[in-house]
Structure formats: structure tokens, C-alpha cells
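What follows is each chain in one-letter form.
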Amino acid sequence: MAPSRLTIIVGMALVSYALRVIPQLLLTGWGFPPAWDRYLRYLAYGLVASIVSTTLFLSGARFDVAAAPRRTIALAIAVAVAVMTRNAAAGMLIGTIAALLLSWMAA
Amino acid sequence: MFFSKSFRQGVKAAVPVWIAFIPSSFALGMAAKGYGLRWEEIVLMSALVYAGPAQYAVVEPLAAGKPALQILIATVLMNLRFLPMSATMAPYFRGVKRTRLLWASHFISASSFVLPYVRFQKEEKEAASTGTAAQTGDDNLSFFLGIGMTAFCVWVAGTAVGYWAALSMPPGFEEVLKFILPAYFACILAIDLRERMAAAVCILCFVAAVPAALWNTDWGWMITAIAIATVVWRIEEWRRPA
């Protein structure tokens, strides 16, 4: 039987807590090698970029051909605004408005 | 502790973190509704997991009934960065009772790490140069909790409010629910990226994730992201002067 969503959330909580608390109890003063620090950062960046792509362009196990071009444009607008203003919320807001307008135009 | 000077200083210092948390937690709540999670599930997740990128990573797989192992591995990989953060902070909490450390650890997040860490380092340097006593571990922990606990409350409340906002979204706005969270994380990445190799990891993973997910729905994108991050990291280490 597959675990329920709540069980999975509790499992997520436990592993997240372990990663926070173990260094506090066992690794006091332990220097993390800069190379490993870089690797963990790259890993997080790579996973986030992958999820951005899959959540935007996939519907279930299918590539959302109709929505992909307009979401790409809206995402490009969001990122451009964020980079220009150095404000992620502003980028998200303008990009979301663009996505909405483009989806209405395509409908 | 909650009325100590250090805690109050932490609360004041936390205001920029709250401002950053409001849109992201709100977007998470909205996306959770869009993907079909229940209100109590996403609010519980925000309270128990309290890790934006990891929560974002699992909203869709959790709602779609993907394997629990995949969700847990994604959570671990996204949250591995807590290890160096927590280890770096630990020396500043010397002398604090273990029970306090046990519950305070839950409030470690990327946003609540930077501010206290910078302050602790500055205070340590000042104490060394002036010959005065550095702050105690308890003072430091109170300052950290002033930031961490209040930011945590904003995060959980923002998620709940975002979900409610999505409930009252009129028909025709489904695109907003689908777009808002990935857009926010893409914007954060774009602002955050300063190194060329990190940018290369992001672009390669962004491009490769969809074909990889089509090849294997459950694991494709994750294996590809790990492979790309590892290869780019190895190339960078190889090129870096010893």
C-alpha cells in the first residue's frame, strides 16, 4: 500500500530536521570543504532549474505543446524584469500577468 | 528569552526576510491549490518541513501520487545545504543546552542563516580587536530565534493565505496557479546566479529536464540534474588552481 500524503510529509519533515540538527549536535566547528559547499549549491541550482522546466512544460507525462511557447515567453519576461529590477517578486508578478494575458489570447 | 534584547534585535533584523517570504510562501500556497493538495497538507508541510525549494520541488509529485522514495530523495538533495549552514552556525551556539538546540534547529533556513551568521562573525572580530567578551551562545541563539521563529510564522501564514487566495480565484485563472511558483523560483535563480558555472548548471538542467522526464517520468529529471551538477562541478574543480 502506498503511503498517504501526510505520511510522506512527515517523512520529509524528519529528513529535513535531521539535516538541520545533526551538525548542531555532532559537527560543532567542523569546517565544510569549500568544494563540497560548491557542489551542494550546484545540486540545488540544478534541481530547482529542472523543476521549473518540468512544472512549466509538462502536463502529467506529456509535453504541453500548446502552452510551451507562451509560457517560455512569459518566463523570459519574468526573468528579464527580475534581473533588471533585482526583485524576484516584481519579476513573478509581471511574468504571471504576461502568462495570463497570453493564455487568454491563445484561448 | 523571547523578551531578551538579543531576541528583539533578531526580530528587527528579520523584517527583510519576512518581506522576501511573503511572495514565495503565498505563491507556494497558490500552487498547492493549483496542483490539488489540501489546505491542511500544504500548511502542515510548511510548518514541519519549512524549506521553500524542497517544498516547491515536491508539490507536483506529491499531488500526482509519485513514489514516496522519489519525494524523500528530492527533499534530502534540496536540503543538503542545511548541513554546511548548520555546521557553520554551531560554534556560535556553544554552551547552549541541548534541548534548546534540538527545537531551535528547526528554524534554520537559507534566509534565516545569512543574517545571524554575518552578525556573529562581525561581533567575534570586534570582540577580538577590542579585547571585550564575545556574545554568549545563549545571546546568539536568541538573536537567531528572533529571526528564525518570526520568519517561520510568516512562511506558514503566507502559505495558508496563498491557498485561500487561490480558492477565490475565478475560472480562467488556472494559468496563474500553474505559472506563479516556477516563475518565482526562476527569478530567484536569475538574480542569485553570479558564477558562470552555476549558470551553466541551471541552463543545462532547464533544457534537459523535460526530455529526461519524458524518458522516465519519476526519476528522469532528478538523475539528469544530479549528473549535470556533478559533471559541471568536477570540471570546475579540475580547472581550479590547486
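The shown structure was predicted, so the numbers you read here are calculated from the model rather than taken from an experiment. (Residues numbered from 1 in each chain as written. Chains lettered and ligands numbered in written order. Predicted model: local features only at pLDDT ≥ 70, side-chain atom pairs only at ≥ 80, totals over all residues.)

### Concerning the overall build of chain B
Piece 1. For chain B, the count of helices and strands is twelve helices and zero strands.
Piece 2. C-alpha atoms of chain B, sized along the principal axes, occupy 60 × 55 × 30 Å.
Piece 3. With 242 residues in all, chain B has 48% of them scored as buried.
Piece 4. Contacts in chain B between residues at least 24 apart in sequence constitute 79% of all its contacts with a sequence separation of at least 6. (Helix = DSSP H or I, 4+ residues; strand = E, 2+ residues; numbered from the N terminus. Buried ≥ 20, exposed ≤ 12 C-beta atoms within 10 Å, placed from the backbone. Contact = placed C-beta atoms within 7 Å.)

### What to know about the overall build of chain A
Piece 1. Across its full length, chain A carries four helices and two strands.
Piece 2. Tracing chain A from N to C terminus, the helices and strands come up as α-α-β-β-α-α.
Piece 3. When its C-alpha atoms are laid out on the principal axes, chain A stretches across 55 × 45 × 20 Å.
Piece 4. In chain A, which comprises 107 residues, the proportion classed as buried is 41%.
Piece 5. Sequence-distant contacts, at least 24 apart, represent 27% of the contacts inside chain A between residues at least 6 apart.

### Describing the packing of helix α2 (residues 15-35) of chain B against helix α9 (residues 137-167) of chain B
Residue and element names in this part refer to chain B.
Piece 1. Where α2 meets α9, the closest approach of the two axes is 6 Å, and the angle between their N-to-C directions is 35°. You can see that α2 and α9 cross each other, and the crossing is right-handed.
Piece 2. Taken together, the residues of the contact of α2 with α9 break down into 19 nonpolar, seven polar and one charged. (Axes fitted to C-alpha atoms, helices over the stretch in contact; angles between N-to-C directions. Left-handed = near helix turned anticlockwise from the far one by under 90°. Nonpolar A, V, L, I, M, F, W, Y, C, P; charged D, E, K, R; others polar.)

### A closer look at unusual backbone geometry
Piece 1. The phi torsion at R86 of chain A lies on the positive side, around 55°, for a residue other than glycine.
Piece 2. With 10 C-beta atoms packed within 10 Å, R86 of chain A lands in the exposed category.

### Here's the deal with the packing of helix α1 (residues 5-26) of chain A against helix α6 (residues 82-89) of chain B
Piece 1. Running from amino to carboxyl end, α1 of chain A crosses α6 of chain B at an angle of 30°, the nearest separation of the two axes being 8 Å. Comparing their axes, α6 of chain B and α1 of chain A come out roughly parallel. Here α1 of chain A runs over α6 of chain B; the crossing is right-handed. Across from L19, R20, P23 and Q24 of chain A in α1 of chain A, the residues of α6 of chain B making contact are F82, L83, S86 and A87 of chain B.
Piece 2. Here the residues of the contact of α1 of chain A with α6 of chain B are counted per class, giving five nonpolar, two polar and one charged. (Parallel < 35°, antiparallel > 145°, perpendicular 65-115°, else oblique.)

### Observations regarding the interface of chain A and chain B
Piece 1. The interface is formed by 66 residues belonging to chain A together with 72 residues belonging to chain B.
Piece 2. Listing elements by their share of the side of chain A that touches chain B, those giving two or more residues are α1, α2 (34-57), α3 (68-85) and α4 (88-106) of chain A.
Piece 3. With 22 residues, α2 of chain A is the single largest residue contributor to the side of chain A that touches chain B.
Piece 4. Its residues assigned to classes, the side of chain A that touches chain B shows 45 nonpolar, 14 polar and seven charged.

### Here we look at the confidence of the model for chain A
Piece 1. A residue-level look at chain A finds 93% of positions with pLDDT of 70 or above and a mean pLDDT of 88.
Piece 2. The spread of mean pLDDT over the elements of chain A runs between strand β1 (residues 58-59) of chain A, the lowest at 83, and α3 of chain A, the highest at 95. (pLDDT = per-residue confidence, 0-100.)

### Things to note about the nonpolar core
Piece 1. Of all hydrophobic cores here, the largest spans 107 residues; its most connected members are A78 of chain A together with I180, Y184, C187, V201 and C205 of chain B.
Piece 2. Ignoring any residue separated from it by four or fewer positions in sequence, one finds A78 of chain A in contact with G91, M92, I94 and G95 of chain A together with A183, A186 and C187 of chain B. (Core = buried A, V, L, I, M, F, W, Y, C linked by C-beta atoms within 7 Å.)

### Thoughts on α3 of chain A
Piece 1. When the terminal C-alpha atoms of α3 of chain A are compared, their 25 Å separation across 18 residues agrees well with the 26 Å that a helix rising 1.5 Å per residue should span.
Piece 2. Taken as a whole, α3 of chain A has its buried residues at R71, A74, L75, A78, V81 and A82 of chain A. For α3 of chain A, the arc enclosing every buried residue in end-on projection is 130°, short of the 170-degree limit, so these residues lie on one face. Exposed and oriented more than 90 degrees from the buried face of α3 of chain A are P69 and M84 of chain A.
Piece 3. For α3 of chain A, the elements touching its buried residues are α2 and α4 of chain A together with α10 (174-192) of chain B.
Piece 4. Positive phi appears at R86 of chain A, one or two residues downstream of α3 of chain A, with a value of about 55°. (Expected span 1.5 Å × (residues − 1). Arc of directions from axis to C-beta.)

### Digging into the environment of I22 of chain A
Residues and elements named next belong to chain A.
Piece 1. Along the chain, I22 falls in helix α1.
Piece 2. In this structure I22 comes out as partly exposed when scored by C-beta crowding, with 15 C-beta atoms within 10 Å.
Piece 3. Sequence separation between I22 and G91 is 69 residues, and the spatial gap between their C-alpha atoms is 37 Å.

### With respect to the confidence of the model for chain B
All names here are of chain B.
Piece 1. Averaged over all residues, the pLDDT of chain B equals 87, while 98% of them reach at least 70.
Piece 2. For chain B, helix α8 (residues 110-130) is the element with the lowest average pLDDT, namely 78, and helix α3 (residues 39-48) is the one with the highest, namely 96.
Piece 3. For this predicted complex, the interface confidence comes out at an ipTM of 0.86, alongside a pTM of 0.79.

### Brief notes about the environment of V154 of chain B
All names here are of chain B.
Piece 1. Structurally, V154 is set in helix α9.
Piece 2. Residues V154 and A31, spaced 123 residues apart in sequence, show a C-alpha to C-alpha distance of 17 Å.
Piece 3. Ignoring anything within four residues of it in the chain, the contact list for V154 reads W18, F21, I22 and S25.

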